[in-house]
Amino acid sequence: MNTFDLSALSTGGAILLIAFILAVLAFEFVNGFHDTANAVATVIYTHSLKPNVAVVWSGIWNFIGVIRGGIGVAVGIIVLLPVNDMMNMSIGESGSIIAAVLLAAIFWNLGTWYLGIPCSSSHTLIGALIGVGIVFFWQHGGEGVNWGKARDIAISLLFSPLFGCFSALFLMWFLSKLVKNKAIFQEPEGGKAPPLWIRIILILTCTAVSYSHGSNDGQKGVGLFMIVLMIFLPAQFALHKSFNADVVFSKISKIEKTVSATEARIGENQAAEEVLESIGKLKPMLTASTINAPLIRKELQRMNKFLKETTGDKPFFNAQDKEEIKASVKNVATYYEFAPFWVIFLISLSLGIGTMVGWKRIVVTIGEKIGKSHLTYAQGATAEIIAAFTITLSTYFHAPVSTTHVLSSAVAGTMIAKDGTKNLQRSTLINILTAWVLTLPVTIVVSGGLYYLFSAIFG
């Protein structure tokens, strides 16, 4: 497993898979140059770093962020779709799904970048995934879109810009009371670099935003990459390479014994009955001569889902058994929640290189068009501190957020703190808000429509 053996595919299927992998890397490349301004706008507009140095520095830290960020957000992207059902489709159907997602996402990202409108790559990708998920369910039934996860993601995408704006406003007010050296509240003078201590602060905040952007946004590319691999090569990527049928059989037998020990009360806990049913299905799968990785993955996920529910019923397990079950849930999840290092590396490389390209259009919007006055040193540092903190917190909770909207809303918050709402450029804010409102419905409709069209032709 996890060996990337193309011999399992026809020549056409192998070519299509490689083309889609390149398209995923292209999406992440576009994500990089689309979102570069979130990290480098303040250091460029305060003359703390020259543009060519700033974008390379940001690209390096985006790369490191993806490598070090884990896969929690990536898993959140994967579970949006009924991947288990999709692994049993034809190559034509699989290709239709991936093509629809990528075309819709890249189209919207490039369009908003060309117009210089800060737009969320997170919204774009999630909307595209939901669009194909809806049409897939409409055509094939099955699990459909994971609306519970979609709701959680929507809440994080909605709340994070508001949090960024008001947190930046408060921090600016706090700094104005705390910091006695007012040089940090001045606007940059021509092309003159700021005092060294201010410059160091701004470079550090740029670094923090770059790293946090990589750790969150980069994971979305990892999740998309894994969806492609699982749909095209399910036998190789449905389960982690460490999967061993005998070991898993032993683990689920132990779980079965723990749950069955409460047999007198199983009827009071529907989740426990579901766990035992899943284990009953898994055992013959694990002892079969041929391992059906997609079906085992699906049943392991189902078992874990209901195991979590059993531990939520306090009287059902004693304290020791409850902790053992929780440990088992985490352990079993490692078999289907993973991404090979080479996938993470390729995504981080694409994001890092993309960060070094095409930054200027969005930088101009962030630096000049949100507020009526030029960014001061304090505003630049404040906006990036808040953005880095918000994104890092979201990554910790495995929640995808929009770096673009968090940073731009934080800049708006600093502008309000400086001179009130009259200091905001209404036309720019309307454009950003319009893109924010339209991104999900547009990408849902476009990706869903493209998938319906492609599946009719190639499915």
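That block above? That's the structure.
A positive phi angle, near 60°, is found at His47, a position not held by glycine. On the secondary structure map, His47 appears in the loop between α2 (37–45) and α3 (51–68). At His398, a position not held by glycine, the phi torsion is positive, near 60°. Of note, His398 is situated in the loop between α17 (377–396) and α18 (403–419).

A word on the nonpolar core. Within the largest apolar cluster, 87 residues are counted, with the highest numbers of intra-cluster contacts made by Ile98, Leu129, Ile227, Phe243, Leu300 and Met303. The element best represented in this core is helix α9 (residues 196–232), accounting for 10 residues. When residues no more than four places from it in sequence are discounted, the contact partners of Leu129 are Ile77, Leu80, Leu81, Val101, Leu224 and Ile227. Val40, Leu49, Ala378 and Ala383 belong to the second-largest nonpolar core, a separate cluster that totals 32 residues.

Between its first and last C-alpha, helix α6 (residues 91–114) extends 34 Å over 24 residues, near the 34 Å set by a 1.5 Å rise per residue. A large share of α6 lies buried, amounting to 18 of its 24 residues.

Turning to the side chain of Thr390, a few remarks are in order. Within the secondary structure, Thr390 sits in helix α17. On the basis of relative accessibility, which here comes to 4%, the residue Thr390 falls in the buried class. A distance of 2.7 Å separates a polar atom in the side chain of Thr390 from the backbone oxygen of Ile386. For Thr390, the residues in contact, after removing those within four places along its chain, are Ser160, Phe163 and Val406.

Cut-offs used in this document
- Residues numbered from 1 in each chain as written.
- Predicted model: local features only at pLDDT ≥ 70, side-chain atom pairs only at ≥ 80, totals over all residues.
- Heavy atoms only, no water.
- Helix = DSSP H or I, 4+ residues; strand = E, 2+ residues; numbered from the N terminus.
- Core = buried A, V, L, I, M, F, W, Y, C linked by side-chain atoms within 4.5 Å.
- Buried < 20%, exposed > 50% of the residue type's maximum accessible area, 1.4 Å probe, protein only.
- Contact = heavy atoms within 4.5 Å.
- Expected span 1.5 Å × (residues − 1).
- Polar contact = N/O pair within 3.5 Å; in protein donor to acceptor, adjacent residues only side chain to side chain.

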